[in-house]
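Here is how the chains run, residue by residue.
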Amino acid sequence: MVAVGEDSSPKWTLESIEIDQVVDVLMESNVSETLKQSSLRRNTSSVRKRNGVQSNNNVPMIGKMTSGATRGLKSLRFLDRTTTGKESEAWKSIEKRFNQHAVDEGLYRDKFGTCIGMGGESKDFAGELYDALARRRQISTTNGITKEELRMFWEDMTNRDIGSRLQIFFDMCDKNGDGKLSEDEVQEVIVLSASANKLANLKKQAAIYAALIMEELDPDHQGYIELWQLETLLWGMVSSEDENHCRLSKRTQTLTRAMIPKRYRTPVSRFLSKTMEFIHENWKRMWIVTLWLTINLVLYLWKFNQYKHKPVFQVMGYCVCIAKGAAETLKLNMALILLPVCRKSLTKLRSTALNSLIPFDDNINFHKLFALAIAIGAFVHTIVHVSCDFTKVIACPKEQFLAILGSNFNYKQPTYMDLVESTPGVTGILMVIIMAFSYILAAHSFRRNEIKLPWPLHDLAGFNSFWYAHHLLVLAYILLVIHGYFLFLTKDWREKTTWMYLVVPVLLYASERASTLINESNHHVNVVKAIIYTGNVLALYMSKPSGFKYKSGMYLFVKCPDISNFEWHPFSITSAPGDDYLSVHIRTLGDWTTELKNRFAQVIYPRILIKGPYGSPAQNYKKYDILLLIGLGIGATPFISIIKDLLNHIKPTDLEADSIHGHSSGASKKGPERAYFYWVTREQGSFEWFKGVMDDIAECDHNNVIEMHNYLTSVYEEGDARSALIAMVQQLQHAKNGVDVVSESRIRTHFARPNWKKVFSDLASTHQSSVIGVFYCGSTVLSKPLKKLCQEFSLNSSTRFHFHKENF
């Protein structure tokens, strides 16, 4: 928000926001220092002439800058975008906070950041800004500043004048007000910026980066830099971005109506096409769910009709029909629910033709769907029995009861408690309790330990409770078989069908579990190396068992007997299939992972067992033309194996071998033509996890097959004054040494979050008529927007986006 005009009541307009192109530019490491310095001197000379500077001893005033620098400086702002808007709304929020934090009508330095909307981590930065603005206005801050003075500060920070805002930034760095920045002053501002952006590593190296800025901007070694030199650096940054933008303009054009297929242009055709797109995307799920619902309905109606024509109908009426129909669907779903968790069988089936008909990627979703059907079936069966059938049996006239149901109850009419205490009654009650307990603890909020229960029950939330509660279901299956055998109304064994439903799924599931127990000795691996990274991440590098074959994107289960003899935990494999080792990266989030990290922090490593590998959506990445891989934090792990696999196929030796035999890389290519990897994390230390992979991409991928984009959300977006000096340091360091100051790798890091709509727009315009596989692993908060964007751009362009989310 900026001021327009010079009168006492200025008008305010929202400043335009530019979205910079999201690309990683790999600069050549062998660019000579001579060329860089000569370019810098040319820029310096032009700026001196433009500003009328004759001597370095004078402090210049900023004159009119070129359009590129103007655009760069327009984005230099001191307030968050969220605090800008209409004048009345923006100032009201600041005025309200002033009234909350002012003491005796004065706002002191330590509350200034809170008042203007800066977070607690920016407190020191806001303090320096407070001092600079006070010096600029020649205001004494001994007793704080008044509301009117705060208004003047606010107008200065949001001033539309380009030179004014840069001058404020310079004054903030120039603490002694002599118009010159010493190396110590530059270092101090770098420390403030690093603290505000939670960049601990950069903060430690502030002296090195301050020296780098002085080396570039003070080639004459005068010991200080001036305002025009700071402008020079910004101009160089903007010029570099403009050059890259021109080079990539064809790739980054916005989607136009011309590329939208004709069948999407009218409302009716758009509706029909949207429906067809939905069917095309979900037809596997649709036919499976339709078949499942049909079978459930047929079984329900069959059993309902069967009891309608039995003598018992004369006593219990439609109640017994409803209860028995629900019981029949319950038996079916108790059998089906085991199939989605037979991971070994599903992994094998993924490699067969059935993978084109059955959505194996949705196995966990189907597991949840069957669980919901079981809950509904059990509820209906139980409620109808205890509230209707039982009461009708005990209220039935004795003569009628003995004539119709006497043989089923040994010619003794039971009381209500007799029915409850019978074998079917007791087993039914126990089953309901166990199922309800397991069902509740499997809920996302309980499993992820998001619910904080009171002291006696606090251990019921978390993965361990989920794990052990699910194993209680073994008892539930035993009780189900007993319950189905000791039926009151059925004596013929051929009509006691519970075991018939369960026998095949139970045997399949039991055989997989038994195989794991029997061959447990074969699951032992030697931990070659264990590294504990910043951010509580444990990386395990293990020996690769003979015969352990897997595809990139798969996962395995890890068990540490020293911690628990029963718990297996799933982790994505981060090594490539061609590597001679196995690796996993484990984020310590719960009790088990925390204990595992503590064990590996000791000198002697604990014993580790693995089982797998198991299939996941990402393993089918080779069937797509283009890949878009999106990982949040530790969610990058499923895709590191894919990136390594792609790197192994583009090593220089492979390219040389192809050229020797006269084969083009395209003729024998298998898999995606290109991969875009977006890694979004909030901690700078996260980049240490896969720094080697990032350096390999920069070193080996000369044809840009892999385009990696790192985003650090703890850093304020480009254009914010709190990250301005960080961006300058990043530009200089990458230009001089080819190393990013944030990730400390050769891949450039972007600030804040990606503009996902722009990412999809660029891909749709660059890869028209292609099929792009979008693979995502991370918080469910982002999965819905990404899926929606896939649908939107599949509908509005000739490019198809297929969305996949990793599930465990």
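Provided above is the structure to which this section pertains.
Everything in this summary refers to the structure shown in the same document. Not measured: the values here are computed from a predicted model.

A word on the overall build of the protein chain
Helix and strand counts for the protein chain stand at 30 helices and 17 strands. Looking at the protein chain as a whole, 50% of its 808 residues are labelled buried. Within the protein chain, contacts between residues separated by at least 24 positions form 74% of all contacts whose residues are at least 6 apart in sequence. When the accessible area of the protein chain is evaluated, it comes to approximately 39300 Å², of which 57% is carbon and sulfur surface.

Remarks on the sheet that holds strand β12 (residues 626–632)
If you trace the 6 strands from one edge of the open sheet to the other, you get β15-β14-β13-β12-β16-β17, paired in parallel fashion. Both outer strands of the open sheet, β15 (749–751) and β17 (800–805), are each paired with one neighbouring strand and no more. Adjacent strand axes in the sheet meet at a mean angle of 20° when their direction is disregarded. Judged from the 7 bridges that link them, β12 and strand β13 (residues 674–681) form a sheet pairing that is parallel. Counterpart to Leu 629 in the pairing with β13 is Phe 677. Set on the sheet, helix α25 (residues 637–648) makes contact with β12, β13, β14 (706–712) and β16 (771–777); between it and β12 the angle comes to about 140°. The strands that helix α30 (residues 780–796) touches are β12, β16 and β17; relative to β17, the one it contacts most, it runs at about 160°.

Let's talk about the nonpolar core
Counting 95 residues, the largest nonpolar core has Phe 112, Leu 129, Leu 150, Phe 169 and Ile 190 as the members making the most contacts within it. Top element by residues in this core is helix α28 (residues 721–737). It accounts for 8 residues. Residues contacting Ile 190, with those up to four places away along its chain left out, are Leu 202, Ala 206, Tyr 209, Ala 210, Ile 213, Leu 725 and Val 729. By size, the runner-up hydrophobic cluster in this structure holds 24 residues, among which are Ile 288, Ala 373, Ile 434 and Tyr 501.

Notes on helix α29 (residues 756–766)
Of all 11 residues making up α29, 9 are buried, and the element is well covered by its neighbours. When α29 is considered as a whole, its buried residues turn out to be Trp 756, Lys 758, Val 759, Phe 760, Ser 761, Asp 762, Leu 763, Ala 764 and Ser 765. Contacts made by the buried residues of α29 are with β12, β13, β16, α30 and β17.

Some words on the environment of Ala 102
Examined against the element boundaries, Ala 102 turns out to sit in the loop between α3 (87–101) and α4 (109–116). The exposure class assigned to Ala 102 is partly exposed, which follows from its relative accessible area of 22%. As a C-alpha pair, Ala 102 and Cys 115 span 13 residues in sequence and 9.3 Å in three-dimensional space.

A short note on the pairing of β14
Counting buried positions over the 7 residues of β14 gives 7, a clear majority of the element. The side-chain alternation of β14 yields two buried faces, one formed by Ile 706, Met 708, Asn 710 and Leu 712 and the other by Glu 707, His 709 and Tyr 711. With 7 bridges connecting them, β13 and β14 associate as parallel partners. Across the sheet, residue Val 680 finds its bridge partner in β14, namely Tyr 711. In the classification by handedness, the crossover that spans β13, the intervening helix α27 (residues 691–700) and the parallel β14 is right-handed. By the bridge criterion, 3 bridges tie β14 to β15 in an arrangement that is parallel. The partner of Tyr 711 across the bridge, within β15, is His 750.

Some words on a nonpolar patch on the surface
A grouping of Met 276, Phe 278, Ile 279, Trp 283, Met 286, Trp 287, Leu 291, Ile 295, Leu 349, Leu 354 and Leu 357 is seen on the molecular surface, where their side chains present a nonpolar patch of about 950 Å² in accessible area. Here Phe 278 lies in helix α12 (residues 267–308).

Some thoughts on the pattern of salt bridges
In total, this model carries 17 salt bridges according to the counting rule given. In this structure, Arg 109 engages Asp 131 in a salt bridge whose closest nitrogen and oxygen atoms are separated by 3.0 Å. In this pair, Arg 109 is assigned in helix α4 and Asp 131 in helix α5 (residues 123–137), connecting sequence segments 22 residues apart. Exposure remark for Arg 109: the relative accessible area of 35% places this residue in the partly exposed category. Between Asp 762 and Lys 758 there is a salt bridge, and its shortest N-O distance comes to 3.3 Å. With Asp 762 and Lys 758 both in helix α29 and 4 residues apart, this pair spans about one turn of that helix. Exposure class is identical for Asp 762 and Lys 758. Each is buried.

Quick notes on the sheet that holds strand β11 (residues 608–614)
Taken in spatial order, the 4 strands make up an open sheet running β5-β11-β8-β9, and their pairing is antiparallel. Edge positions in the sheet fall to β5 (524–525) and β9 (569–572), since each of these pairs with one other strand and no more.

Quick word on the packing of α12 against α30
Remark: α12 packs on α30, axes separated minimally by 10 Å, with the N-to-C direction vectors making an angle of 125°. Taken together, the axes of α12 and α30 are oblique relative to one another. For the pair α12 and α30, the crossing hand works out as right-handed. For the pair α12 and α30, the contacting residues are Arg 270, Ser 273, Lys 274, Glu 277 and Glu 281 in the first and Lys 787, Gln 791, Ser 794, Leu 795 and Asn 796 in the second. Residue composition of the contact of α12 with α30, grouped by class: 1 nonpolar, 4 polar and 5 charged.

Concerning the packing of aromatic side chains
Following the criterion strictly, the structure yields 30 aromatic pairs and no others. Ring centres of Phe 112 and Phe 153 lie 6.2 Å apart, and the angle between their planes is 80°; on these two criteria the pair is classed as edge-to-face. With Phe 112 in helix α4 and Phe 153 in helix α6 (residues 147–157), the pair connects residues that are 41 residues apart, well separated along the chain. With 6.3 Å between their ring centres and 75° between their planes, Phe 639 and Phe 677 make a pair best called edge-to-face. One end of the pair, Phe 639, is in helix α25; the other, Phe 677, is in strand β13, and 38 residues separate them in sequence. What links up through ring pairs into an aromatic cluster is the set Tyr 300, Phe 304, Phe 313 and Tyr 318. Here the basic side chain of Lys 180 rests over the ring of Tyr 224, its NZ or CZ set 4.6 Å away from the ring centre.

Calculation criteria
- Along each chain, the written sequence defines residue order, and numbers are assigned to residues from 1.
- Side-chain atom pairs in this predicted model are given and counted only at pLDDT of 80 or more, local residue features only at pLDDT of at least 70, and totals for whole chains, interfaces and linings cover all residues.
- Excluded from the side-chain calculations are hydrogens and water; all other atoms, namely the structure's heavy atoms, are used.
- Counting from the N terminus, the helices are the DSSP runs of H or I reaching at least four residues and the strands are the DSSP runs of E reaching at least two.
- Here the term buried applies to any residue with accessible area under 20% of the maximum for its type, exposed to any over 50%, and partly exposed to those in between, with areas from a 1.4 Å probe on protein chains only.
- Contacts between residues were defined by any pair of non-hydrogen atoms, one from each residue, lying within 4.5 Å.
- Under the convention used here, a 1.4 Å probe and the Shrake-Rupley method define accessible areas, while residue burial counts only the protein chains that appear.
- Note: two strands are recorded as paired if DSSP finds a minimum of 2 bridges between them.
- To obtain an axis, a line is fitted to C-alpha atoms, over the contacting stretch when the element is a helix, and the angle between two such axes runs from 0 to 180 degrees between their N-to-C directions.
- The definition of a nonpolar core used throughout is a set of buried Ala, Val, Leu, Ile, Met, Phe, Trp, Tyr and Cys residues joined through side-chain atoms within 4.5 Å.
- Handedness of a crossover is defined as follows: orient the strands so they point away from the viewer, and if the path from the first strand over the helix to the second runs clockwise, the crossover is right-handed.
- Patch construction takes residues with relative accessible area above 30% that form no salt bridge. Like charges are linked within 9 Å, and nonpolar side chains (Val, Leu, Ile, Met, Phe, Trp, Tyr) are linked within 5 Å.
- The term salt bridge refers to a pairing of a side-chain nitrogen on Lys or Arg with a carboxyl oxygen on Asp or Glu at a separation within 4 Å.
- Any angle between 65 and 115 degrees counts as roughly perpendicular, while under 35 counts as roughly parallel, over 145 as roughly antiparallel, and the rest as oblique.
- Two helices cross in a left-handed way if the nearer one is turned anticlockwise from the farther one by less than a right angle. They cross in a right-handed way if the turn is clockwise.
- Lys, Arg, Asp and Glu make up the charged group, whereas Ala, Val, Leu, Ile, Met, Phe, Trp, Tyr, Cys and Pro make up the nonpolar group; the residues left over, Gly among them, are polar.
- The pairing test for Phe, Tyr and Trp rings, Trp by its six-membered ring, is centres within 6.5 Å, and the orientation test on the planes gives stacked under 30 degrees, edge-to-face over 60, and tilted for anything in between.
- Throughout this description, the term charge over a ring refers to an Arg CZ or Lys NZ atom that lies within 6 Å of the ring centre and within 35 degrees of the ring normal.

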